[in-house]
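Topology and contacts: notes
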Amino acid sequence: MTRVIVVLIVVALLTLPVFDAPVLLAEQADVYIQIGEIVGMLEELYRKGVDVAGIVKDLNTIIQLASSGNKGEALARLEQVKNKLREVEYVAESIYITKTVSKYVLVGFIASIPIVVYLVLPRVYLYLWYSVRKRWIVRW
Amino acid sequence: MILDEEVFAVILAISIVASAIGIAMVLAPEIPEPFMSLGLLNEECKMGRYPTTVQNNSFVELCIFVANYMNKPVFYRVDYKLSEDGSLPTNTTPLPVKPISSWYGVLNNKENTTIPVKVFVTTSEPRVVLVFELWVYEPSIRNWKYTGIWNHLRVNVTVRLVP
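Residues numbered from 1 in each chain as written. Chains lettered and ligands numbered in written order. Predicted model: local features only at pLDDT ≥ 70, side-chain atom pairs only at ≥ 80, totals over all residues. Heavy atoms only, no water.

It is the contact of helix H4 (residues 71-133) of chain A with helix H1 (residues 5-27) of chain B, at a shortest axis distance of 9 Å, that shows an interaxial angle of 180°. Taken together, the axes of H4 of chain A and H1 of chain B lie roughly antiparallel to each other. Residues Lys 103, Tyr 104, Leu 106, Val 107, Ile 110, Ala 111, Pro 114, Val 117, Tyr 118, Leu 121 and Pro 122 of chain A of H4 of chain A form the contact with H1 of chain B, whose participating residues are Phe 8, Ile 11, Leu 12, Ser 15, Ile 16, Ser 19, Gly 22, Ile 23, Val 26 and Leu 27 of chain B. The residue makeup of the contact of H4 of chain A with H1 of chain B, split by class, is 17 nonpolar, three polar and one charged. (Axes fitted to C-alpha atoms, helices over the stretch in contact; angles between N-to-C directions. Helix = DSSP H or I, 4+ residues; strand = E, 2+ residues; numbered from the N terminus. Parallel < 35°, antiparallel > 145°, perpendicular 65-115°, else oblique. Contact = heavy atoms within 4.5 Å. Nonpolar A, V, L, I, M, F, W, Y, C, P; charged D, E, K, R; others polar.)

Laid out in structure tokens, this is it:
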């Protein structure tokens, strides 16, 4: 009997820090874990050039709902955000390809400027030079 | 000679340099050195005129500013802790006490937010440090990671006189 009491006291002392810990409701933690996973997906979408501002705003609304104790509404909105993400993921690849192609087309255009200057500038300069002097009358 | 060769060479050199700079600007990352920032503001959400004395077992009104320039959206958490022995976190180690309050949020890249907060001060010490630490959620490890960024405010604690 004494041994049982001692064991119980030791267990109580060992678990005291757990009970002293700040309480994060299980529901809130569940919501935050799901938000963390969604943010991981947002990182990938942002990297591909997708505008995620609307989803970020929705997530902040969900966080406010969760912290005020409105778990049901928060989880419902989380599902809506996940559905929106699935739709966005379908077009993310095409957006990424479009942005990459346009970026490298722009790079090619800028890289061609010195070549164009080398080929075109003398011709344009000569054309203007002759145009200005075309109506000159040379008197001996 | 109609078009001087040296003049033509200078114009060509300028166009090459301008083209190289243009390509570098197009290909460079949005933010070359990603960072986040955490700021502590007074009750009017402005810098300066921070409270120096607080009553024990009462709330202190402050504001927290968080900015994200990490080239990606982040899920952040600001932890409020009370340091009764004056110890502070470092840029690698958070304060080894449990947070009293936490505030969560998601920020897009190049976005910031200011959060009015009320922090509770209860202590047996006459002088304490209010510590605010910035944590971010790392999807790769599925856990929170301390960023090494924190703010603190040293205050004197007075005891409320009961009439």
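Counting residues in each nonpolar core, the largest one holds 30 residues, and the members touching the most others are Ile 35, Leu 42, Leu 45, Leu 59 and Ile 62 of chain A together with Phe 75 and Val 106 of chain B. Here this core takes eight residues from helix H2 (residues 26-47) of chain A, the largest share from any one element. Discounting chain neighbours no more than four positions away, the residues touching Leu 59 of chain A are Ile 35, Ile 38, Val 39, Leu 42, Leu 78 and Val 81 of chain A together with Val 106 of chain B. Counting 27 residues, the second largest nonpolar core, distinct from the first, contains Leu 62, Ile 115, Val 121 and Leu 153 of chain B. (Core = buried A, V, L, I, M, F, W, Y, C linked by side-chain atoms within 4.5 Å. Buried < 20%, exposed > 50% of the residue type's maximum accessible area, 1.4 Å probe, protein only.)

Residue position: Pro 122 of chain A is located in helix H4. Considering only alpha carbons, one finds Pro 122 of chain A and Ser 94 of chain A, 28 residues apart in sequence, at a separation of 42 Å. Not counting residues up to four positions away in its chain, the partners in contact with Pro 122 of chain A are Val 117 of chain A together with Leu 3 and Phe 8 of chain B.

Once that is clear, we can look at the state of the cysteines. Residues and elements named next belong to chain B. The tally for this structure, following the rule as stated, stands at one disulfide over all chains. The disulfide that involves Cys 45 links it to Cys 63, with 1.9 Å between the sulfurs. Between Cys 45 and Cys 63, the disulfide has an S-S torsion of -55° and is therefore left-handed. Within this pair, whereas Cys 45 is found in the loop between strand E1 (35-41) and strand E2 (53-55), its partner Cys 63 is found in strand E3 (residues 58-69), the two being separated by 18 residues in sequence. A relative accessible area of 1% means that Cys 63 is categorised as buried. (Disulfide = S-S within 2.5 Å.)

The next subject is the sheet that holds strand E5 (residues 101-107) of chain B. Residues and elements named next belong to chain B. On the basis of which strands lie adjacent, the open sheet formed by five strands has the order E2-E8-E7-E4-E5 and mixed pairing. Looking at strand neighbours, the two that pair on one side only are E2 and E5, the edges of this open sheet. In this sheet, neighbouring strand axes are inclined to one another by 35° on average, regardless of whether the strands run parallel or antiparallel. Direction of pairing for strand E4 (residues 74-83) relative to strand E7 (residues 127-138): antiparallel, over a ladder of eight bridges. (Pairing = 2+ DSSP bridges.)

Moving on to the packing of aromatic side chains. Per the stated rule, a full pass over the model turns up 14 aromatic pairs over all chains. Aromatic pair Phe 59 of chain B and Phe 120 of chain B: ring centres 5.0 Å apart, planes at 55°, arrangement tilted. With Phe 59 of chain B in strand E3 and Phe 120 of chain B in strand E6 (residues 111-121), this residue pair connects regions lying 61 residues apart in the sequence. With relative accessibility at 55%, the residue Phe 59 of chain B sits in the exposed group. Judged by relative accessible area, Phe 120 of chain B falls into the partly exposed class, the value being 28%. Of the aromatic side chains, those joined through ring pairs into one cluster are Tyr 32 of chain A together with Phe 75, Tyr 104, Tyr 137 and Trp 144 of chain B. Between the NZ or CZ atom of Arg 47 of chain A and the centre of the ring of Tyr 96 of chain A, over which it lies, the distance is 5.9 Å. Against the face of Trp 144 of chain B rests Arg 77 of chain B, its NZ or CZ located 4.9 Å from the ring centre. (Phe/Tyr/Trp six-rings, centres within 6.5 Å; stacked < 30°, edge-to-face > 60°. Lys NZ or Arg CZ within 6 Å of the ring centre and 35° of its normal.)

A separate point is the confidence of the model for chain A. All names here are of chain A. Overall, the predicted model of chain A reaches an average pLDDT of 84, with 86% of residues at or above 70. Across chain A, the secondary-structure element scoring lowest on mean pLDDT is helix H1 (residues 2-20), at 61, and the one scoring highest is helix H3 (residues 53-67), at 93. Contacts from residues 16-23, a stretch scored under 50 in pLDDT, to residues over four places away or in other chains number five contacts. (pLDDT = per-residue confidence, 0-100.)

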